[in-house]
Structure formats: C-alpha cells, structure tokens
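Architecture at a glance
Listed here are the chains, written in short residue letters.
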Amino acid sequence: MGKKIEVGDVLVHSNVIPRMNCIDLAQMIERHKNGDWGDISQAEKSNNDAAVKNNGRIVSAFCYSGELFMIITEADRRLTLVISPDDYARTYASVLNLKRSQTKDLS
C-alpha cells in the first residue's frame, strides 16, 4: 500500500447505489485513499503508484458481490468517481458521440 491520497469530491454513479451498501462503499473508497488499488493487475498497480508521485490519474477496482466497481481519482485530485466498467464505457461512448456531433455541426 502506498501513501494516502486526496480524492476531492466523491461522485457515486446512480447505478452503483442500489447494488452496494454504504458501509462497503465507504470501505472501498478508504482502501483507494490508502493506496490499496484492489483487483487490478500488477502493471496497473505500478501505474497508480507512479501516478501518486507524478500527480496522474488513479484507477482502482474492487469486486463486490460478483460485480466489479471502479474508483477513479482525477489527476488534479478534485474529483473521484465510483462507477461500474459498463456504465463508464456507456458514459464515455456518449461523450465521444456528443463531441463528434458537435464537431460535425461546426464544419
């Protein structure tokens, strides 16, 4: 485990809330804050350790009741997101599609 990190405001995706109890959620966030990156590869753990030192983005993942949940702290340490990989992928795809449509509208 590494040193304690600042996580800023914690945003929990609405789909996480009914799938996890608050105590377990708080424990996962505390583990993340303390440098326990959870259920990720050794390479990803090394990337997180480097991100702590170099002010990079930190991503941990934890299994809960057979489901994987990600905790993502942005590089500026002002925001941390708790989200499932599926919801993250859908959200990211929606943002990319929105940016693409805005770019087309400008041309």
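Each value, and the rule that gives it
- Numbers given for residues are sequential positions, taken from 1 along each chain in its written order.
- The predicted origin of the model limits local features to residues at a pLDDT of at least 70 and limits the giving and counting of side-chain atom pairs to 80 or more, whereas totals for whole chains, interfaces and linings rest on all residues.
- Side-chain descriptors were evaluated using all non-hydrogen atoms of the structure, hydrogens and water having been removed beforehand.
- As used here, the term nonpolar core means buried Ala, Val, Leu, Ile, Met, Phe, Trp, Tyr and Cys residues forming a set that is joined through side-chain atoms within 4.5 Å.
- The buried label applies to any residue whose accessible area, calculated with a 1.4 Å probe on protein chains only, is under 20% of its type's maximum; exposed applies above 50%, and partly exposed to all values in between.
- Strands here mean DSSP runs of E at least two residues long; helices mean DSSP runs of H or I at least four residues long; both are numbered from the N terminus.
- In this analysis, two residues are considered to be in contact whenever any of their non-hydrogen atoms come within 4.5 Å of each other.
- In short, DSSP must find at least two bridges between two strands for them to pair.
- Angles shown run from 0 to 180 degrees and are taken between the N-to-C directions of axes, each axis being a line fitted to C-alpha atoms and, for helices, limited to the stretch in contact.
- The span you would expect from a helix comes to 1.5 Å times its residue count less one.
- The directions considered for the arc run from the helix axis to the C-beta atoms.
- Two N or O atoms count as a polar contact when they lie within 3.5 Å, although within protein this holds only if one can serve as hydrogen donor and the other as acceptor, and sequence-adjacent residues are included solely when both atoms are side-chain atoms.

With respect to the nonpolar core
In this structure, V16, M20, L25, M28, I29, F62, Y64, F69, I71 and V82 together form the largest nonpolar core, which totals 10 residues. Elements with a minimum of two residues in this core: α1 (22-33), β2 (58-64) and β3 (67-73). With 3 residues, α1 is the largest single contributor of residues to this core. When near neighbours in sequence (up to four residues on either side) are disregarded, M28 contacts M20, F62, C63, Y64 and I71. Counting residues in hydrophobic clusters, the runner-up holds 8 residues, among them I5, V7, I40 and I58.

A look at the sheet that holds strand β4 (residues 79-83)
If you trace the 4 strands from one edge of the open sheet to the other, you get β1-β4-β3-β2, paired in mixed fashion. Each edge of the open sheet is held by one strand with a lone partner, namely β1 (9-12) and β2. Strand-to-strand, the axes of this sheet are offset by a mean angle of 20°, without reference to chain direction. In the sheet, β1 pairs with β4 via 4 bridges, with the strands oriented parallel. When the sheet's bridge partners are listed, V10 is paired in β4 with T80. Packed on one face of the sheet, α1 meets β1, β2, β3 and β4 and runs near 145° to β2.

So, α1
Taking 1.5 Å of rise per residue, the 12 residues of α1 would be expected to cover 16 Å, and the 16 Å separating its terminal C-alpha atoms lies within 8% of that figure. Those residues of α1 that fall on the buried side of the exposure criterion are L25, M28, I29 and H32. The buried side chains of α1 occupy one side of the element, clustering within an arc of 95° when seen end-on. Summarising the contacts, the buried residues of α1 are in contact with β1, β2, β3 and β4. Regarding α1, its N-cap is N21, as a side-chain oxygen of that residue lies 3.0 Å from the backbone nitrogen of I23 further along. One or two residues past the end of α1 sits G35, with phi positive at roughly 85°.

In short, shape yes, function no, at least from these values alone.
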